[in-house]
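For reference, the chains in residue letters:
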Amino acid sequence: MTATTFDPVSSVSLTASAQKYFTSKLVKQPGKLIRLSTKESGCTGFSYVLDIVDVALVEDTVLSFGEITFAVDSQSVTMLKGTEIDLVREGVNEVVKFNNPNVVAECGCGESFSVS
C-alpha cells in the first residue's frame, strides 16, 4: 500500500456531496474503506467499480478524505488521474458520477468509457 498526499492534479478527488455520501455508507462499518478500480466492460471499454473493503491491497494508492479512506487500484491509477467523484441528483435518484478528464468516449447509456 502506498500512502499519498492529496494532489488534485494527479489524484482522485471527492466533492462535498460525494464525501457526505461515502461517509454515510461507512458510518456503520468502522475500519472499512472504499476501493476504486476499473474493469473491462460494456461497449466502450471500461467501467468504474466501487467496493467497500476491509483493507487496501499492497499495490493500491491510498487517499484520505477526512473520515473516508479510498484505495485506488494500481492498474487504474493512470486512467483515473484527475477524476472528480460527485454525487448528483437525477430526478428522484442520487447517482455517483465520475468526472474523468481522461475519458475520450462514453457509451450511450453511460455505463462504460474509454481513455486515450
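Check the entry above for the structure.
From a predicted model like this one, the values you see are computed outputs, not experimental measurements.

**Q** Explain the sheet that holds strand E7 (residues 84-90) to me, please; I cannot follow it from the model alone.
**A** Strand pairing in a sheet relies on backbone hydrogen bonds. The paired strands run either parallel or antiparallel. Ordered in space as E2-E7-E8, the three strands form an open sheet in which the pairing is mixed. Edge positions in the sheet fall to strand E2 (13-14) and strand E8 (93-99), since each has one partner strand and no second. As paired strands, E7 and E8 are joined by seven bridges and run antiparallel to one another. Along E8, the bridge assignment pairs Arg-89 with Glu-94. Where helix H1 (residues 16-26) meets the sheet, its contacts fall on E2, E7 and E8, and the angle it forms with E7 comes to roughly 85°.

**Q** Just checking my understanding: could you explain the pattern of salt bridges for this structure?
**A** When charged atoms on two side chains of opposite charge get close, those side chains can pair. Applying the stated criterion across every chain yields a total of five salt bridges. Measuring nitrogen to oxygen at the nearest pair gives 3.0 Å for the salt bridge that ties Asp-73 to Arg-35. Separated by 38 residues along the polypeptide, Asp-73 in the loop between strand E6 (68-72) and helix H2 (77-80) and Arg-35 in strand E3 (residues 33-41) bring together distant segments of the chain. Of the two residues examined, Asp-73 and Arg-35, each falls in the buried class. A salt bridge links Glu-94 to Arg-89, with the shortest nitrogen-to-oxygen separation between them at 3.5 Å. When its relative accessible area of 57% is taken as the criterion, Arg-89 is described as exposed. Salt bridges here are not isolated pairs; linked through shared partners, they connect Arg-35, Asp-60 and Asp-73.

**Q** So what exactly am I meant to see when it comes to the environment of Asp-51 here?
**A** Locating Asp-51 in the fold gives a position in strand E4 (residues 45-53). Looking at Asp-51, the relative accessible area reads 36%, which means it is partly exposed. Here the alpha-carbon distance between Asp-51 and Arg-35, two residues 16 residues apart in the chain, equals 5.2 Å.

Parameters at a glance
- Residues numbered from 1 in each chain as written.
- Predicted model: local features only at pLDDT ≥ 70, side-chain atom pairs only at ≥ 80, totals over all residues.
- Heavy atoms only, no water.
- Pairing = 2+ DSSP bridges.
- Helix = DSSP H or I, 4+ residues; strand = E, 2+ residues; numbered from the N terminus.
- Contact = heavy atoms within 4.5 Å.
- Axes fitted to C-alpha atoms, helices over the stretch in contact; angles between N-to-C directions.
- Salt bridge = Lys/Arg side-chain N within 4 Å of Asp/Glu carboxyl O.
- Buried < 20%, exposed > 50% of the residue type's maximum accessible area, 1.4 Å probe, protein only.

Honestly, that's just the spatial picture; any functional story needs more than this.
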